[in-house]
Amino acid sequence: MPADKGGSRALLRALRAVMAGPGDGQQRLDKVVRLVANNMVAEVCSIYLKRDEHTLELCATEGLRQDAVHSARLRIGQGLVGRIAERAEPLVTEDAPSTPGFRYLPETGEEIYHSFVGVPVQRLGQVMGVLVVQNQTRRHYTEEEVEALEIVAMVISEMAEAGAFLGSEGVSTSLGRRVGPVVFEGEGACEGLAEGVVHLHEPRLVVFDPIAEDISVERARLAEAMEALKGEVDQLADGSEGVPREQREIFEAYRMFAHDKGWRRRLDEAVNSGLAAEVAVEKVQSDARARLERVADPYLRERLQDLDDLANRLLRHLLRGEVPREPRLPRNAVLVARNIGPAELMDHAGKIAGLVLEEGSQTSHAAVVARALAIPTVVQAVRITRDANPGDRIIIDGELGRVDLRPEGGIIEAFREKIALANQAKEVYRTLRGKPATTLDGHTVRLNMNAGVLADLPSIEASGAEGVGLFRTELQFMIRQNLPGRDAQAVIYSRVMDAAAGREVVFRTLDIGSDKILPYMRREEEPNPALGWRAIRVGLDRPKLFRMQIQSLIRGARGRPLSIMFPMVAEADEYRAARGLLEGEVARLASMGHPRPERLRIGMMLETPSLVFAADRMFQEADFISVGGNDLMQFFFAADRENERVRRRYDVLNFSFLRMLRQVVQRCAAAGTPLAYCGEAAGRPLEALVLAAIGFRELSMRPASIGPVKRALLAADLGDLRAAMERADRSGETSARIALRAWAEAGGVPV
């Protein structure tokens with residue numbers, strides 16, 4: 001194949017003739033492989049298409065045995081072809097048989113071919129098949145040839161989506177759409193229950209002519225659409241009346257993507273190769289998706305949402321009057337999407353009952369906005385956009401992360417009962433908001449909420465929280481593309497304290513590293529990031545960054561009481577060094593005229609077993625200690641909480657773990673140091689009761705958990721609970737869970 005753009009465009013024009021010519025789907029496929037083989041001067045060209053989610057089928061070939069067509073199959077990941085489909089990236093080799101993973105299909109007769117180049121046939125990140133070229137002699141394929149083959153694969157994917165290959169036996173691009181009831185187990189990103197009908201966000205655009213008729217016309221169309229997109233995003237980022245500041249900050253990051261010169265350059269190159277502007281946008285987006293989905297950094301992977309949103313908006317500008325408007329939202333619409341950008345989610349504010357995404361995470365931009373808008377949300381509902389149809393009935397549980405698509409009658413009835421019970425429980429919790437969480441035997445437990453963005457703070461009043469036991473300051477850094485300066489940080493912290501209306505807010509200094517990476521900081525390659533350079537270690541090694549945040553916190557407090565704690569302190573020297581830096585900044589700012597905090601509390605998070613055995617002086621020096629239960633359990637049980645295969649192996653009600661917690665309680669009591677527990681376990685009624693029984697008098701949790709936990713505490717006698725725990729421990733049980741569930745049921749304690 002000629003390496004220049006003109007040769008590429010000539011091949012594309014020939015492909016257009018194939019697409020427009022007579023014949024059924026199989027005949028078109030046969031013509032495509034002959035055409036590519038001739039242009040590549042190759043002895044073999046083959047197209048494999050997905051038969052289902054796990055299987056590739058040889059659907060057309062020039063050079064291999066014809067009787068293998070529609071009979072030769074490979075599993076995804078099997079052989080070189082299967083590996084291309086699995087990884088969604090090209091594979092080039094001059095000697096295929098010696099390449100790791102090689103496996104030939106004897107029925108095809110391909111064992112005599114050595115040189116091999118294959119590229120994925122994909123559309124918007126979804127692999128539909130593989131395009132392969134082979135030769136007997138060893139041959140070096142240039143980057144230009146591989147790129148040209150990728151362009152052909154892109155056109156094939158567009159033709160497949162448009163139905164150009166349907167109508168012949170064995171050729172299908174349905175990719176195994178499931179019918180009937182389907183359950184998706186994802187992750188809850190915003191609590192709440194919703195029942196409604198599916199509204200698919202951005203139904204797939206089908207381009208019936210993917211090849212440019214006139215390159216200059218396509219360039220002009222792209223330039224005009226890009227200018228319109230920039231103007232639209234600039235308007236969003238500049239803010240409009242009624243849009244919260246937190247969302248405007250996200251849109252600033254959004255604007256950077258829209259003005260990115262590298263993105264524009266790649267779009268221009270795709271158009272110059274001979275693709276229509278719409279297909280050029282999809283090709284660049286598919287390439288970006290393939291790259292980012294292989295990146296280990298979860299934050300960078302989440303930026304796919306922003307890129308997809310921008311690409312969709314650019315396509316709308318390109319097509320203007322040619323694309324049908326998105327159907328009006330039906331009543332009780334549940335928005336279903338592969339992903340969605342924050343701007344487009346804001347467009348649906350107040351109009352949808354729920355949100356379900358195939359991708360995203362609890363800290364993604366969409367999740368931040370969904371929480372601000374109180375939209376029940378589930379993320380990581382894998383392949384739902386392929387299985388859902390507009391108008392399908394759907395129910396979602398934002399707490400459990402469960403989605404039922406086309407549910408049966410029994411499921412619907414049970415769900416509606418759950419909604420009714422939830423509404424009744426909310427009424428009960430509402431009556432408890434002003435009451436202290438005092439047990440039947442007279443022990444009062446302070447219940448605080450966790451927060452990470454300003455949008456979380458309205459929950460402090462609605463939930464009845466007594467304060468914010470943990471404000472995760474890193475989320476403010478993660479949702480921006482640039483390091484926020486002192487003034488910007490100070491404004492955020494001041495507004496958080498304003499929203500708390502006099503209640504205590506405990507600010508945790510930056511807890512970055514491991515799974516939380518800032519987009520503007522170079523990632524450190526580490527064999528085990530969870531045990532590596534993170535949290536307070538980063539702060540002490542980057543004192544300028546640490547001091548900047550401390551200065552911002554002091555300035556944001558404006559003389560009000562200020563509580564700060566340091567994350568993942570593993571030894572006394574770390575706490576002392578951090579405290580020294582903090583106290584030094586307080587004195588320095590005071591000398592410059594900034595008011596000192598009325599009261600300064602400096603604490604630390606106990607998240608490593610090493611700190612449990614620190615010297616007594618350590619417990620005496622800290623103004624307060626907060627047990628970070630999630631990380632502490634991870635290190636105690638040697639079970640990575642990000643690894644689904646092992647994270648459920650640990651149990652806070654395991655007696656070994658409870659003995660360690662009891663030791664922490666005793667040491668803090670001896671030192672007179674206030675102690676709190678912060679983690680998922682604090683928000684589960686049974687676990688919260690046990691934590692209170694062993695001596696914790698302050699718990700911090702999600703706002704929605706405060707009502708259920710308070711109700712359980714009000715109904716419990718901690719002395720009786722401790723007796724039940726001791727009996728279970730003496731019996732040799734590993735965990736107290738089964739025995740305490742029976743105790744709660746017998747005593748009518750709602751857990």
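Look a little higher up for the structure.
The model shown is predicted, which means the values in this text are computed figures rather than measured ones. (Residues numbered from 1 in each chain as written. Predicted model: local features only at pLDDT ≥ 70, side-chain atom pairs only at ≥ 80, totals over all residues. Heavy atoms only, no water.)

**Structural notes on the overall build of the chain**
Here comes step 1: On a plain count of helices and strands, the chain comes out with 28 helices and 23 strands.
Here comes step 2: When the 751 residues of the chain are sorted by exposure, 55% land in the buried category.
Here comes step 3: For the chain, contacts bridging at least 24 residues in sequence account for 68% of all contacts bridging at least 6.
Here comes step 4: A total accessible area of about 31,200 Å² is found for the chain, and carbon and sulfur atoms account for 49% of it. (Helix = DSSP H or I, 4+ residues; strand = E, 2+ residues; numbered from the N terminus. Buried < 20%, exposed > 50% of the residue type's maximum accessible area, 1.4 Å probe, protein only. Contact = heavy atoms within 4.5 Å. Areas by Shrake-Rupley, 256 points an atom, 1.4 Å probe, with all protein chains shown as cover.)

**A short note on the pairing of strand β21 (residues 624-628)**
Here comes step 1: Extensive coverage of β21 is indicated by the burial of five of its five residues.
Here comes step 2: Residue alternation in β21 divides its side chains into two sets, Phe624, Ser626 and Gly628 and Ile625 and Val627, and both sets are buried.
Here comes step 3: As paired strands, strand β20 (residues 600-606) and β21 are joined by four bridges and run parallel to one another. Bridge pairing links Gly603 to Phe624 in β21.
Here comes step 4: Note: β21 against strand β22 (residues 675-678), four bridges, orientation parallel. Along β22, the bridge assignment pairs Val627 with Tyr677. (Pairing = 2+ DSSP bridges.)

**Points about the pattern of salt bridges**
Here comes step 1: Within this structure, the stated rule accounts for 40 salt bridges.
Here comes step 2: Salt-bridge contacts for Arg139 lead to Glu145; the nearest nitrogen and oxygen are separated by 2.9 Å. Pair check on accessibility: Arg139 and Glu145 agree, each one buried.
Here comes step 3: When salt bridges with common partners are traced through the structure, they connect Asp573, Arg576, Arg617 and Glu621 into a single cluster. (Salt bridge = Lys/Arg side-chain N within 4 Å of Asp/Glu carboxyl O.)

**Some details on the packing of aromatic side chains**
Here comes step 1: Within this structure, the stated rule accounts for nine aromatic pairs.
Here comes step 2: Seen in terms of ring centroids, Tyr677 and Phe696 are 5.6 Å apart; in terms of plane orientation they differ by 85 degrees. Their pairing is edge-to-face. Of this pair, Tyr677 sits in strand β22 while Phe696 is found in the loop between α25 (685-693) and β23 (698-701), placing the two residues 19 residues apart along the sequence.
Here comes step 3: The rings of Phe471, Tyr493 and Phe507 are connected pair by pair, giving a single aromatic cluster. (Phe/Tyr/Trp six-rings, centres within 6.5 Å; stacked < 30°, edge-to-face > 60°.)

**What about the packing of helix α17 (residues 486-500) against helix α19 (residues 543-557)?**
Here comes step 1: The interhelical angle for the contact between α17 and α19, taken along N-to-C directions, is 45 degrees, at an axis separation of 7 Å. In this view, α17 runs oblique relative to α19, as classed from their interaxial angle. In this structure, α17 crosses over α19, and the sense of that crossing is right-handed. Where α17 abuts α19, its residues Arg486, Asp487, Gln489, Ala490, Tyr493, Ser494 and Met497 lie against Met548, Gln549, Gln551, Ser552, Leu553, Arg555, Gly556 and Ala557.
Here comes step 2: Looking at side-chain class alone, the contact of α17 with α19 contains six nonpolar, six polar and three charged residues. (Axes fitted to C-alpha atoms, helices over the stretch in contact; angles between N-to-C directions. Parallel < 35°, antiparallel > 145°, perpendicular 65-115°, else oblique. Left-handed = near helix turned anticlockwise from the far one by under 90°. Nonpolar A, V, L, I, M, F, W, Y, C, P; charged D, E, K, R; others polar.)

**Side note on the sheet that holds strand β6 (residues 126-135)**
Here comes step 1: A sheet is described by the order of its strands in space; here six strands give the open sequence β3-β2-β1-β6-β5-β4, paired in antiparallel fashion. Every interior strand has two partners, whereas the edge strands, β3 (73-75) and β4 (91-93), have only one. On average, each strand axis in the sheet is inclined to that of its neighbour by 25 degrees, with strand direction left out of account.
Here comes step 2: With seven bridges joining them, strand β1 (residues 44-52) and strand β2 (residues 55-62) adopt antiparallel strand pairing. Opposite Leu49, over in β2, you have Glu57 as the bridge partner.
Here comes step 3: Packed on one face of the sheet, helix α2 (residues 25-40) meets β1, β2, β5 (115-123) and β6 and runs near 65 degrees to β2.

**Some details on the sheet that holds strand β8 (residues 187-190)**
Here comes step 1: If you walk across this open sheet you meet the eight strands as β7-β14-β13-β9-β10-β11-β12-β8, and the pairing is mixed. Each edge of the open sheet is held by one strand with a lone partner, namely β7 (182-185) and β8. The sheet shows a mean angle of 25 degrees between the axes of neighbouring strands, direction not considered.
Here comes step 2: Here three bridges tie β8 to strand β12 (residues 377-379), and the two strands are oriented antiparallel to one another. Paired with Gly188 across the strands is Val378, a residue of β12.
Here comes step 3: Helix α14 (residues 409-432) rests against β9 (193-200), β13 (393-397) and β14 (402-405) of the sheet, and its axis sits at about 130 degrees to β9.

**Topic: unusual backbone geometry**
Here comes step 1: One non-glycine residue, Ala88, lies in positive phi territory at about 55 degrees.
Here comes step 2: Since its relative accessible area comes to 13%, Ala88 is described here as buried.

**Side note on helix α27 (residues 718-730)**
Here comes step 1: Under the 1.5 Å per step criterion, the end-to-end length of α27 is 18 Å for 13 residues, consistent within 8% with the ideal 18 Å.
Here comes step 2: The elements touched by buried residues of α27 are α24 (655-671), α25 and α28 (737-747).
Here comes step 3: In this structure Asp717 caps α27, since a side-chain oxygen of it lies 2.9 Å from the backbone nitrogen of Gly719. (Expected span 1.5 Å × (residues − 1). Polar contact = N/O pair within 3.5 Å; in protein donor to acceptor, adjacent residues only side chain to side chain.)

**Looking at the packing of α14 against helix α26 (residues 706-714)**
Here comes step 1: Across the interface, α14 lies against α26 with an axial gap of 9 Å and an inter-helix angle of 70 degrees. On the basis of their axis angle, the class for α14 and α26 is roughly perpendicular. Listed contacts from α26 to Val428, Tyr429 and Leu432 of α14 are Gly707, Pro708, Lys710, Arg711 and Leu714.
Here comes step 2: Residue composition of the contact of α14 with α26, by class: five nonpolar, one polar and two charged.

**Structural notes on the side chain of Gln134**
Here comes step 1: If you trace the backbone, Gln134 turns up in strand β6.
Here comes step 2: Residue Gln134 is classed as buried on the basis of its relative accessible area, which comes to 3%.
Here comes step 3: For Gln134, the contacting residues outside a window of four places in its chain are Ala42, Glu43, Val44, Leu64, Glu110, Tyr113, Ser115, Phe116 and Tyr141.

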